[in-house]
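# Analysis of the macromolecular model
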Amino acid sequence: MTGCISYRVIKAVEGRSVPNTYEEFRVGTTTLQKALQTLGAPDQVAELEGKDVLIYQQSLLANSGLSFGIPLTDIWGPGFSFSAYGELVRYDLVFLSFTPDGILSEIVIEKGSRYPYLKTMFSEVKE
Amino acid sequence: MYESSCFHRGKGDITLKRLREPLCILLLVFFLQSCAGWVKNTDYHPFDAAKLDKLTVGKSTVVQVTEMLGAPSTIVKLSNGNAYIYRRSLSKGTGLWLLIVSFGNYEKRYDQVVIFFDKKNIMTHYGVTLDAHKAAYELP
């Protein structure tokens, strides 16, 4: 029976959820020290156009698949099989950019986890 | 007096008796075919809190930090110096196979220390996140 039909659900989470404490940050006043004290160590650090960037992120993967088949190869050459699967990786992300003096110059927030798995999978891609 | 149709001795009762054996066999096959598994990475070792307490902003140097914590996982060049990133991860995974349906869950969490040095290799800032112990065995 397992050779004929199977269904799987896989979930994977990497990293911690970013705390909402970044909401108190203000461009032009919040310092690098304050950000590190509040949010802890970032997941990524980089230099971008002369500014220092800290990225805090959590990735959430959801995968599900359905397969159906009739194995007839031993008794009748061709077999029949059908399979469908979907995979979605969503990111919750906080991007903080600091001047060389350590003052917050830009903050970008992405909350990918607000998009539900099935609704996102079946929604049409907009260009 | 009201009597539930489930307990009514009649045609339904005979049908239930007929179905009992195939249902038991089906349940037995279902559980005999089932399997569960757990995985965990074995190379994780936590940071020494006593060593982290010795980090002093404005005093600790690159040499002292690397003597204390060892080689960093990554070094990133920044506008005013460098960042040394120390990262350790703990992953836990769970799998459950029930005949035709299977479930899997994987969780990876990190302990991270990021230390910022100026161009003179003196520590200017640092951030610590100790989150690896929160990785858990779960099902989706």
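Below is a summary of the structure that appears in this document. (Residues numbered from 1 in each chain as written. Chains lettered and ligands numbered in written order. Predicted model: local features only at pLDDT ≥ 70, side-chain atom pairs only at ≥ 80, totals over all residues.)

From N to C terminus, chain A includes two helices and five strands. Listed by position from the N terminus, the elements making up chain A come as β-α-β-β-β-β-α. Here chain A has a C-alpha radius of gyration of 22 Å; the compact-globule value for 127 residues is 14 Å, and the former is much larger. Dimensions along the principal axes, computed over C-alpha positions, put chain A at roughly 75 × 30 × 25 Å. When burial is assessed residue by residue, chain A has 17% of its 127 residues classed as buried. When contacts within chain A are restricted to residue pairs at least 6 apart in sequence, those whose partners lie at least 24 apart make up 59%. (Helix = DSSP H or I, 4+ residues; strand = E, 2+ residues; numbered from the N terminus. Rg over C-alpha atoms; globule rule 2.2 N^0.38 Å. Buried ≥ 20, exposed ≤ 12 C-beta atoms within 10 Å, placed from the backbone. Contact = placed C-beta atoms within 7 Å.)

Listed as interface residues are 29 residues of chain B and, on the opposing side, 27 residues of chain A. Of all the secondary-structure elements, those providing two or more residues to the side of chain B that touches chain A are β2 (74-78), β3 (81-98), β4 (101-118) and β5 (123-130) of chain B. When residues of the side of chain B that touches chain A are assigned to their parent elements, the largest contribution, 13 residues, is made by β4 of chain B. Tallied by class, the residues present in the side of chain B that touches chain A amount to 15 nonpolar, nine polar and five charged. Across eight bridges, the pairing between strand β1 (residues 5-14) of chain A and β4 of chain B is parallel. (Nonpolar A, V, L, I, M, F, W, Y, C, P; charged D, E, K, R; others polar. Pairing = 2+ DSSP bridges.)

All names here are of chain A. Tracing the backbone shows Leu66 in strand β3 (residues 51-70). When the C-alpha atoms of Leu66 and Val9 are compared, they prove to be 9.2 Å apart, with 57 residues separating the residues in sequence. In contact with Leu66, not counting residues within four places along its chain, are Tyr7, Ser83 and Ala84.

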